[in-house]
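Analysis of the macromolecular model
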Amino acid sequence: MQVFRWCPNLQRTYVTQPPLPELAKIARTASTPLAVRLRRRKQFGATAVGDTDATKDGLTPTEQARYTRLKAQGRLEDVTGKNPTEKEWAGKINDRRSRIRGIRRKTIKGKEETEVVGRKVYLPNILLRLVRNQTQPGQPYNPYEATFRIPQSVTKTDIRSLLLAVYGVKTTYIRTDNYISPWHRTVDGYERKPFKTYKRAVVGLVDPFYYPHRLEDMPAREKKDREDWIEEKFSIKHTRALQREELLRMTKGQGRYSWKFNAPFATKRAHILRIVAERRNVREGAVSNFVGGIQALRQEGLPVTYETVRGKVLGQTPSSQTPQSEEAESQ
């Protein structure tokens, strides 16, 4: 434990850039792992939704506990015997975390130069697919978080280095989790589908990034323009129509083995609407006839029952039945 305590590289693998905006602190609190949230809830109480558990100086409860423990052990004193404040200590820790990895500064002939000690990667073959954050219904979208789908071999250090070196994006924290594909039944047994197995990385951002609106959240005009642009560039609807047409052509057959849709099984929109309208007219006509029968019985002063209404609608009354018919019905 003493070795791990004195080794800063094994403390945490993400960077914190002070001072963090309030929404960034809220995003950091919301993305805390479940086990950590439960432990903090048991110790400090529940944190309200949309609130942060950071201190006034921006320290998390873990950092606050670490500062208090090191201060009590006397390991924060400088040469003058003075302990730094929480803000000063956090600044030193954050400077250490936010350093650029893979380089080393050295002095050669009185000049300070930078030497690359890490492995140089000029064209990184890493695919980071940006996806929309998972937002609960009724909750606002958090612009201080970004979600990526990455290969399972990529680490947090790779993500931080790639975002900073290629895109200039500074990160505050990185959470990763693996999604394993379920077993799928095949002819030879069971297997996992590799395209359903991926690694998710939730990255905290120093600068906010607003993801483009969904089609469901756009106004009608913007939604139509967006759909037209997508169809023009990618031809999604046209491709699906061609796939359906090709599937029908391949399954239809030739000659006497061919088939075609006939009424009432045709899938044309006009045919379906006509069938729906006919069934609606039949239903509404039956209801109207029963209403007319009830009104006629009330005008004649007869009791309104199901049998009398049905007989009135069908043109039969109990008085019009003969004794022979009544005897036949009793038999």
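Residues numbered from 1 in each chain as written. Predicted model: local features only at pLDDT ≥ 70, side-chain atom pairs only at ≥ 80, totals over all residues. Heavy atoms only, no water.

Under an unreviewed UniProt entry, the protein chain has the name Large ribosomal subunit protein uL23m and belongs to Psilocybe cyanescens. Per UniProt, the protein chain has the following entry under Sequence similarities (unreviewed entry): "Belongs to the universal ribosomal protein uL23 family." (UniProt positions renumbered as here; feature names shortened; annotations may be inferred.)

**A closer look at the packing of helix 7 (residues 220–234) against helix 8 (residues 236–252)**
In the contact formed by helix 7 and helix 8, the axes pass within 6 Å of each other and the chain directions differ by 60°. Here helix 8 runs oblique to helix 7, going by the angle between their axes. Two secondary-structure elements touch here, helix 7 through Ile 230, Glu 231 and Phe 234 and helix 8 through Ile 236, Lys 237, His 238 and Thr 239. Partitioned by chemical class, the residues of the contact of helix 7 with helix 8 number three nonpolar, two polar and two charged. (Axes fitted to C-alpha atoms, helices over the stretch in contact; angles between N-to-C directions. Helix = DSSP H or I, 4+ residues; strand = E, 2+ residues; numbered from the N terminus. Parallel < 35°, antiparallel > 145°, perpendicular 65-115°, else oblique. Contact = heavy atoms within 4.5 Å. Nonpolar A, V, L, I, M, F, W, Y, C, P; charged D, E, K, R; others polar.)

**Regarding the packing of aromatic side chains**
Under the defined criterion, the tally for this structure stands at four aromatic pairs. Between Phe 209 and Tyr 211 the ring centres are 6.4 Å apart and the planes differ by 90°, which places this aromatic pair in the edge-to-face class. Under the relative-accessibility criterion, Phe 209 is labelled partly exposed at 36%. Consider the rings of Trp 229 and Phe 234, whose centres lie 6.1 Å apart with planes at 75°: the pair is edge-to-face. A relative accessible area of 38% means that Trp 229 is categorised as partly exposed. (Phe/Tyr/Trp six-rings, centres within 6.5 Å; stacked < 30°, edge-to-face > 60°. Buried < 20%, exposed > 50% of the residue type's maximum accessible area, 1.4 Å probe, protein only.)

**Thoughts on the nonpolar core**
Grouped together as the largest cluster of nonpolar side chains are 10 residues: Ala 146, Phe 148, Ile 150, Val 154, Ile 159, Leu 163, Ile 174, Ala 201, Val 203 and Leu 205. Only strand 4 (145–150), helix 6 (156–167) and strand 8 (198–205) provide two or more residues apiece to this core. The contact partners of Leu 205, leaving out residues within four places of it in the chain, are Ala 24, Pro 143, Tyr 144, Glu 145, Ala 146, Val 169, Lys 170 and Thr 172. Tyr 67, Leu 76, Trp 89 and Ala 90 belong to the second-largest nonpolar core, a separate cluster that totals seven residues. (Core = buried A, V, L, I, M, F, W, Y, C linked by side-chain atoms within 4.5 Å.)

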